[in-house]
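Chain and residue survey
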Amino acid sequence: MQSGIATLDRLNAGVFSVDADMRIIHWNLFMATNSGRSADEVLGRDLFECFPELPAQWLRWKLRSVFLLGTFAFSSWKQRPYVFKFPHNRPLTGGIDFMHQDVAFLPVFADDGTVASVCAMLTDATDAALSHRALDQANLQLAREMAERQRVENDLRMAHKLEAVGQLASGIAHEINTPIQYIADSVAFIGEAFAEMRSMIQTYRQALYDGTSEAAFDHSPDLAYLEQNVPAAVERALMGLERVAALVKAMKEFGQPSHAEKAHADLNRAITTTVTVARSEYKDVAEVVLDLGDLPEVPCHIAELNQVFLHLIINAAHAIAERHVAPAKGTIQIQTWCDSTSVFVLVSDDGTGIPEAIRNRIFDPFFTTKPIGRGTGQGLSIARSIIVDRHGGTLTFETAIGRGSSFVIQLPR
Amino acid sequence: MRGPVIVLGGSQQRDALSELVNIGMGQAGDSLARLFDTFIQLSIPRIEIVQPRDVTQAIAALIENTGPIVAVRQAFSSRIRGEALALYAAGGCDALADLVKYPDVNSDELLLEISNVLVGACVGGLAAQFSLELSFSPPSILGEHASIDALLDTACLPWKSALVAEVNFRVEDRAFRCHLLTFWPDDSIRVLLGAVDAFLAGL
């Protein structure tokens, strides 16, 4: 028994026991050293009288639960930094007020099975607490940096989107201008035709009044010409208006703002929209062939995916332009399909293909082979970030020099 | 050491085990009532043997809840080793704040305190039926506002079978409910069932 007590005294942990009346019945050297109260001073005395600074209500409840239930109780420095106000072990380095402590309360049973006393074991958790605090600070810093990085990425994506919209703007203006011109021509023609018909009606009225209607018909302008061409002009104007309306609608859909939360969206519709707004970018060099399979709506940031589709289409057009000499055109094929877990979008071209030497760099930020003003080198980097980081998907490619490239987007359903 | 998947020997073994668990939990209920000075309602314990691939579904079925929960874990060991999960609805133990009679208790401390008391009383009560003296680790929070799926990585569970005993607690007139699940994996089940068989042989 003596050796057991000697062992307890050598422990680098506080060990003390109290009986049901809260009298101290054991007090080891660690407790004596750190409290400044020797065993002789405290043994047999009430714990709370000896240490009035203890959190009495809390500690009494803990001890009572052990006496009553005969089971363990615990206290962690995380919730209650210290029970005893012991000095910490950092007289030189400091950085903390008191020794932080974990305490375990163990029942000690009498022969009749009742709890005779409660033994408390107190361990110094100061170093763990300081490490934890440092870790908390590091985590906080990391969270701040991640938030800042997220903000910068968002800004970059927005800038890229604005760049894409800017790039499209002149093409779109041209796309709108063409139907506007023939709408204007058609409406002008209809205006002239209306003036002629009004004059004709005047002539007929006068002829009816004069009783010379046959002569009026002989001198009438070419009614058959107007009958044939006015409806055609109206049809052309309406077609032009439909074309402008479709472009505006596509532009509106393409340019919709990004939202923080994903929403279910129809990828086929987004692809069709993007193909419409990007027409000016590819129409001189390529035909677009759509092979869109049945797709479920998928949870996504559709405005960001529009950017990806646009970028892949423009890249394909540029690759085709380098290989095919006008008036020969290449083909951009866009296919969609799905399986039980994913949807897939393939954008392929029959352009130049990607040289082997740069294949492992095409997704690097700011990497570009295009002349100044034709690309910032951000497109594929941002496209991959949108697909991989924002959607948990993949963006892969296959390429062959002189035959073209295929990019495949995989997105989880 | 992991062995083959374990199944309960028969209805007699299951009934005896249920009865012993019931007695242990019942005694725990008495102690808890005296500690909290209020009436504690305990359910009849339910016992199942589960395998890792089924454990999430089994927990959801036992606690009849698939929404976000608060979970505290605590290990116990002696000749048998196991872990207890105390599962609460969102809000944890806040409804019991006044039952622990000390001031300035924060939400996490209360959660750990109540969980430790429930686990200690119930698992200790159960162990007493088998004459086992258990040692307990400090409780720790496994998840707050977490889904059941997020609690356990079923691909990495280091056991083939676990005996799960579930009991749930209510406290009169309070919005409080706790499901306490004790898990006894592989070899511990064998020790436990051995003790049950010895108990049956001694009848």
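As a reminder, the structure under discussion sits directly above these lines.
Residues numbered from 1 in each chain as written. Chains lettered and ligands numbered in written order. Predicted model: local features only at pLDDT ≥ 70, side-chain atom pairs only at ≥ 80, totals over all residues. Heavy atoms only, no water.

**Considerations on the sheet that holds strand 3 (residues 73-75) of chain A**
Residue and element names in this part refer to chain A. Heads up, the rule is: Paired strands, in this sense, are two strands between which DSSP finds at least two bridges. Strands here mean DSSP runs of E at least two residues long; helices mean DSSP runs of H or I at least four residues long; both are numbered from the N terminus. Axis definition: a line fitted to C-alpha atoms, limited for helices to the stretch in contact. Angles are taken between N-to-C directions and run from 0 to 180 degrees.
Taken together, the five strands give an open sheet; going across it, the order is 2-1-5-4-3, and neighbouring strands pair in antiparallel fashion. Strand pairing shows two members of the sheet lacking a second neighbour, strand 2 (24-27) and strand 3, which therefore form its edges. With direction set aside, neighbouring strand axes in the sheet form an average angle of 20 degrees.

**Concerning unusual backbone geometry**
Rules: Burial status follows relative accessibility: with a 1.4 Å probe on protein chains alone, a residue under 20% of its type maximum counts as buried, one over 50% as exposed, and anything between as partly exposed.
If you check the backbone angles, A:Met22 has positive phi at about 70 degrees while not being a glycine. On the secondary structure map, A:Met22 appears in the loop between strand 1 (14-19) and strand 2. A positive phi angle is found at B:His145, which is not glycine, with a value near 55 degrees. Residue position: B:His145 is located in strand 6 (residues 140-146). Taking relative accessible area as the criterion, B:His145 reaches 55% and is therefore assigned exposed.

**Comments concerning the sheet that holds strand 9 (residues 330-338) of chain A**
All names here are of chain A. Rule in force here: Contacts are residue-level and defined by heavy atoms, with any inter-residue pair within 4.5 Å sufficient.
Overall, mixed pairing links the five strands, which are arranged 7-9-10-12-11 in an open sheet. For this open sheet the edge positions go to strand 7 (286-292) and strand 11 (394-400), each flanked by a neighbour on one side alone. Strand-to-strand twist in this sheet, taken as the mean axis angle between neighbours without regard to direction, amounts to 15 degrees. Sheet topology note: the strand 7/strand 9 ladder contains seven bridges and is parallel. The residue of strand 9 that forms the bridge with Val-289 is Gln-333. Of the strands in this sheet, strand 7, strand 9, strand 10 (342-349) and strand 12 (404-412) touch helix 11 (residues 302-323), which is tilted by about 150 degrees from strand 9. In this fold helix 12 (residues 379-389) packs onto strand 11 and strand 12, with an angle of close to 135 degrees to the strand it touches most, strand 11.

**What to know about helix 6 (residues 126-210) of chain A**
All names here are of chain A. How we decide: By definition here, a helix of n residues has an expected span of 1.5 Å times n minus one. The angle between axes fitted to the seven-residue stretch ending at a residue and the seven-residue stretch beginning at it gives the bend at that residue.
Here helix 6 is 85 residues long and its end C-alpha atoms lie 119 Å apart, about the 126 Å a rise of 1.5 Å per residue gives. Considering bend angle alone, the principal kink of helix 6 is centred on Ala-169 and spans about 35 degrees. At the C-terminal side of helix 6, Gly-211 shows a positive phi close to 75 degrees.

**Regarding the interface of chain B and chain A**
Rule in force here: For this document, the term salt bridge refers to a Lys or Arg side-chain nitrogen within 4 Å of an Asp or Glu carboxyl oxygen. Under the rule applied, a polar contact is a pair of N or O atoms within 3.5 Å (in protein, one hydrogen donor and one hydrogen acceptor; residues adjacent in sequence only if both atoms are side-chain atoms).
Listed by partner, the interface residues are 27 residues for chain B and 14 residues for chain A. One can count two salt bridges joining chain B with chain A. When the shortest N-O distance is used, the salt bridge between B:Glu113 and A:Lys62 registers 2.6 Å. Applying the counting criterion to the chain B and chain A interface returns six residue pairs in polar contact (both at pLDDT 80 or more). For the side of chain B that touches chain A, the secondary structure elements donating two or more residues are helix 1 (11-36), helix 3 (107-129) and strand 5 (135-136) of chain B. Per-element accounting of the side of chain B that touches chain A gives the leading share, eight residues, to helix 3 of chain B.

**A word on the packing of aromatic side chains**
Residue and element names in this part refer to chain A. For clarity, the threshold we go by: Aromatic pairing here means that ring centres of Phe, Tyr or Trp (its six-membered ring) are within 6.5 Å. Orientation follows from the plane angle: under 30 degrees is stacked, over 60 is edge-to-face, and everything else is tilted.
The final tally for this structure, using the stated rule, is 18 aromatic pairs over all chains. The interplanar angle of 25 degrees and the centroid separation of 5.1 Å between the aromatic rings of Phe-84 and Phe-86 together place this pair among those described as stacked. With respect to class, Phe-84 is no different from Phe-86; both count as buried. Taken together, the ring pairs in this structure connect Phe-16, Trp-27, Phe-51, Phe-84 and Phe-86 into an aromatic cluster.

**Some points on the packing of helix 1 of chain B against helix 3 of chain B**
Residue and element names in this part refer to chain B. Convention followed: Convention used here: angles under 35 degrees read as roughly parallel, angles over 145 as roughly antiparallel, angles from 65 to 115 as roughly perpendicular, and any remaining angle as oblique. Crossing chirality is assigned from the near helix's rotation relative to the far helix, an anticlockwise turn below a right angle marking it left-handed and a clockwise turn marking it right-handed. Charged means Asp, Glu, Lys or Arg here, nonpolar means Ala, Val, Leu, Ile, Met, Phe, Trp, Tyr, Cys or Pro, and polar covers whatever is left, Gly included.
Two elements in contact, helix 1 and helix 3, have axes whose closest approach is 7 Å; the angle formed by their N-to-C orientations is 140 degrees. It follows that helix 1 is oblique to helix 3 by the angle criterion. For the pair helix 1 and helix 3, the crossing hand works out as right-handed. Taken together, the residues of helix 3 that come into contact with helix 1 (itself represented by Leu-20, Val-21, Ile-23, Gly-24, Met-25, Gln-27, Ala-28, Leu-32, Leu-35 and Phe-36) are Ile-114, Val-117, Leu-118, Ala-121, Cys-122, Gly-125, Leu-126 and Gln-129. Along the lines of polarity and charge, the residues of the contact of helix 1 with helix 3 split into 14 nonpolar, four polar and no charged.

**Some remarks on helix 12 of chain A**
All names here are of chain A. A large share of helix 12 lies buried, amounting to eight of its 11 residues. Looking only at helix 12, the buried set comprises Gly-379, Leu-380, Ser-381, Ile-382, Ala-383, Ser-385, Ile-386 and Ile-387. Contacts made by the buried residues of helix 12 are with helix 6, helix 11, strand 11 and strand 12.

**Observations regarding the pairing of strand 2 of chain A**
Residues and elements named next belong to chain A. As judged from the three bridges shared by strand 1 and strand 2, these two strands associate in the antiparallel manner. Across the sheet, residue Ser-17 finds its bridge partner in strand 2, namely His-26. Taking the residues that link successive antiparallel strands as the turn, the strand 1-strand 2 hairpin has four residues, and the phi of Met-22 there is positive, at about 70 degrees.

**Focus on the packing of helix 11 of chain A against helix 12 of chain A**
Residue and element names in this part refer to chain A. It is at 9 Å that the axes of helix 11 and helix 12 come closest, and there the two elements cross at 145 degrees. Along this stretch, helix 11 crosses helix 12, giving a crossing that reads as left-handed. Contacts between helix 11 and helix 12 involve Glu-304, Leu-305, Gln-307, Val-308, His-311, Leu-312 and Asn-315 from the first element and Gly-379, Leu-380, Ile-382, Ala-383, Ile-386 and Ile-387 from the second. Of the residues assigned to the contact of helix 11 with helix 12, the class counts are eight nonpolar, four polar and one charged.

**Structural notes on the nonpolar core**
How we decide: Note on terminology: a nonpolar core comprises buried Ala, Val, Leu, Ile, Met, Phe, Trp, Tyr and Cys residues joined through side-chain atoms within 4.5 Å.
Ranked by internal contacts, the top residues of the largest apolar core, which has 87 residues, are A:Leu47, A:Phe84 and B:Tyr88. Considering each element in turn, this core owes the most residues, 12 residues, to helix 3 of chain B. Excluding anything up to four places from it in sequence, A:Phe84 contacts A:Phe16, A:Trp27, A:Met31, A:Leu47, A:Phe51, A:Leu54, A:Gln101 and A:Leu122. Counting residues in each nonpolar core, the second largest holds 47 residues, with A:Ala278, A:Tyr282, A:Val345 and A:Ile382 among its members.

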